[in-house]
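# Topology and contacts: notes
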Amino acid sequence: MNPTDRTERELREALEALADGVRPAPDAYRTARGDWLRRERRRRLVLAVLIAVVFALATLIGLWVLNRAPSDRGVVFSSTASPAHPTSLTRPHP
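Below you will find a few notes about this structure.

Thresholds applied
Residues numbered from 1 in each chain as written. Predicted model: local features only at pLDDT ≥ 70, side-chain atom pairs only at ≥ 80, totals over all residues. Heavy atoms only, no water. Helix = DSSP H or I, 4+ residues; strand = E, 2+ residues; numbered from the N terminus. Buried < 20%, exposed > 50% of the residue type's maximum accessible area, 1.4 Å probe, protein only. Areas by Shrake-Rupley, 256 points an atom, 1.4 Å probe, with all protein chains shown as cover. Salt bridge = Lys/Arg side-chain N within 4 Å of Asp/Glu carboxyl O. Patch = residues over 30% accessible without salt bridge, like charges linked within 9 Å, V, L, I, M, F, W, Y side chains within 5 Å. Polar contact = N/O pair within 3.5 Å; in protein donor to acceptor, adjacent residues only side chain to side chain.

This part is about the overall build of the protein. The helix and strand tally for the protein stands at 2 helices and 0 strands. Taken over 94 residues, the protein has a buried fraction of 1%. Counting every atom, the protein has about 9,500 Å² of accessible surface; 64% of that belongs to carbon and sulfur.

What follows is the structure in structure tokens.
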């Protein structure tokens, strides 16, 4: 018999004997499920708070940027600027 096979067999027997001696607590499933549900609720709550914070920050930054815009009307709304009419798009009058 190969020494590796013997070592593997002895190790398997030892682990099987150890596993046979382990008995789960009667409410182990209920406890593990409760822990998992608590972690899932906490994860969802943290994600919702993070989304709300990012949304609020984006809104505040947007409002701040809009508030810092110059108050003059600018060139687009100036009454002195002449309207641009491309001549290539106009039709001749009959």
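Tallied over the full model, the rule gives 6 salt bridges. A salt bridge links Arg-6 to Glu-10, with the nearest nitrogen and oxygen atoms 3.2 Å apart. Highlighted residues: Arg-6 and Glu-10, both in helix H1 (residues 3-20), separated by 4 residues, approximately one helical turn. Judged by its relative accessible area of 43%, Arg-6 is partly exposed. When its relative accessible area of 38% is taken as the criterion, Glu-10 is described as partly exposed. For the salt bridge of Asp-35 with Arg-38, the shortest nitrogen-to-oxygen distance reads 2.4 Å. With Asp-35 and Arg-38 both in helix H2 (residues 28-67) and 3 residues apart, the pair spans about one turn of that helix. By relative accessible area, Arg-38 is classed as partly exposed at 42%. Ionic contacts of the salt-bridge type, sharing partners, join the residues Glu-40, Arg-43 and Arg-44 into one network.

Taken together, the side chains of Leu-45, Val-49, Val-53, Leu-57, Ile-61, Trp-64 and Val-65 make up a nonpolar region of the molecular surface, amounting to roughly 690 Å² of accessible area. Checked against the element boundaries, Val-65 lands in helix H2.

Let us look at the environment of Thr-59. Looking at the secondary structure, you find Thr-59 in helix H2. Judged by relative accessible area, Thr-59 falls into the partly exposed class, the value being 35%. Side-chain polar atoms of Thr-59 contact the backbone oxygen of Phe-55, separated by 2.9 Å.

Moving on, we get to the side chain of Glu-40. Take Glu-40: it is sitting in helix H2. For Glu-40, a relative accessible area of 19% gives the class buried. Here Arg-43 takes part through its side chain, which lies 2.6 Å from a polar atom of the side chain of Glu-40.

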